[in-house]
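Residues per chain are reported as follows:
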Amino acid sequence: ETANRFYRYGMVLKQRANFYNNIATEMIPCQKPMLLQDAMDFEKVLMNPKDSQGKEITWRSAAALEGYVKRLNDVAERLAEKTRQ
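What you see is a predicted model; the values in this text were computed from it and never measured.

(A) Layout of the packing of helix H1 (residues 2–26) against helix H3 (residues 62–84). One way to put it is that H1 packs onto H3 with a least axis distance of 10 Å and a crossing angle of 30°. One element, H1, and the other, H3, form an angle in the roughly parallel class. Regarding H1 and H3, the two cross each other, and that crossing is left-handed. Facing H1, whose interface residues are Arg5, Phe6, Tyr9, Val12, Leu13, Arg16, Phe19, Ile23 and Glu26, H3 presents Ala62, Leu65, Glu66, Tyr68, Val69, Leu72, Asn73, Ala76, Glu77, Leu79, Ala80 and Thr83. For the contact of H1 with H3, a count of residues per class yields 14 nonpolar, two polar and five charged.

(B) Geometry of the nonpolar core. Counting 19 residues, the largest nonpolar core has Phe19, Phe42, Tyr68, Leu72 and Leu79 as its most contacted members. Where this core is concerned, the elements lending two or more residues are H1, helix H2 (32–47) and H3. Setting aside anything within four residues of it in sequence, one finds Phe42 in contact with Arg16, Phe19, Tyr20, Leu72, Val75, Ala76 and Leu79.

(C) How the structure looks around the packing of H2 against H3. Two elements in contact, H2 and H3, have axes separated by 9 Å at closest approach and are oriented at 160°. Between H2 and H3, the angle is such that the two are roughly antiparallel. For the element pair H2 and H3, the recorded crossing hand is left-handed. Taken together, the residues of H3 that come into contact with H2 (itself represented by Leu35, Asp38, Ala39, Asp41, Phe42, Val45 and Leu46) are Tyr68, Arg71, Leu72, Val75, Ala76, Arg78, Leu79, Lys82 and Thr83. Class assignment of the residues belonging to the contact of H2 with H3 gives a composition of 10 nonpolar, one polar and five charged.

(D) Region of the structure containing H2. Along H2, the helix axis deviates most sharply at Asp38, where the bend reaches about 30°. Buried-residue contacts for H2 involve H1 and H3.

(E) Structural view of the packing of aromatic side chains. Applying the stated rule across the entire model yields four aromatic pairs. Aromatic side chains Phe6 and Tyr9 sit 6.1 Å apart centroid to centroid with 75° between the ring planes, which places their arrangement in the edge-to-face category. Of this pair, Phe6 and Tyr9 both sit in helix H1, three residues apart, which is roughly one turn of that helix. The exposure class assigned to Tyr9 is buried, which follows from its relative accessible area of 2%. The rings of Phe6, Tyr9 and Trp59 are connected pair by pair, giving a single aromatic cluster.

What counts as what
Numbers given for residues are sequential positions, taken from 1 along each chain in its written order. Only residues with pLDDT of at least 70 are given local features in this predicted model, and only at 80 or more are side-chain atom pairs given and counted; all residues enter the totals for whole chains, interfaces and linings. Where side-chain values are given, they derive from all heavy atoms of the structure, hydrogens and water being excluded. Interaxial angles span 0 to 180 degrees and are taken between N-to-C directions of axes, which are lines fitted to C-alpha atoms, for helices over the stretch in contact. Helix and strand labels come from DSSP, where a helix needs a run of H or I of at least four residues and a strand needs a run of E of at least two; each type is numbered from the N terminus. For this classification, under 35 degrees means roughly parallel, over 145 means roughly antiparallel, 65 to 115 means roughly perpendicular, and everything else is oblique. Note on convention: the crossing is left-handed when the near helix lies turned anticlockwise from the far helix by less than a right angle, right-handed when the turn is clockwise. Note on definitions: a residue-residue contact is assigned when non-hydrogen atoms from the two residues lie within 4.5 Å. Under the grouping applied here, Gly and all other residues not named as nonpolar or charged are polar, the nonpolar ones being Ala, Val, Leu, Ile, Met, Phe, Trp, Tyr, Cys and Pro and the charged ones Asp, Glu, Lys and Arg. Grouping buried Ala, Val, Leu, Ile, Met, Phe, Trp, Tyr and Cys residues that are joined through side-chain atoms within 4.5 Å yields what is termed a nonpolar core. Exposed residues in this analysis have more than 50% of their type's maximum accessible area, buried residues have under 20%, and partly exposed residues fall in between, with area computed by a 1.4 Å probe over protein chains only. The bend reported for a residue corresponds to the angle between axes fitted to the seven residues ending at that residue and the seven starting there. Centres within 6.5 Å make a pair out of two Phe, Tyr or Trp rings, where for Trp the six-membered ring is used; the pair is then stacked when the planes are under 30 degrees apart, edge-to-face when over 60, and tilted otherwise.

Structure below.
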């Protein structure tokens, strides 16, 4: 069960890294200024893996990892939704 949960987190993180690497090609040039703040919010969460108390995320804490993945998904979904508009 624990292995499946961490595997799931790993897959989500891999998907978000892929999203980060490809998002610029999905935006049309006129959208970029409108999406700048959302893109910066996404990058901040992605590049700064911290828990709600500001401590670095490790694989030892499933709860902290789950919270980080949720925050990362939230900002990524917000950016993806605005990109599609």
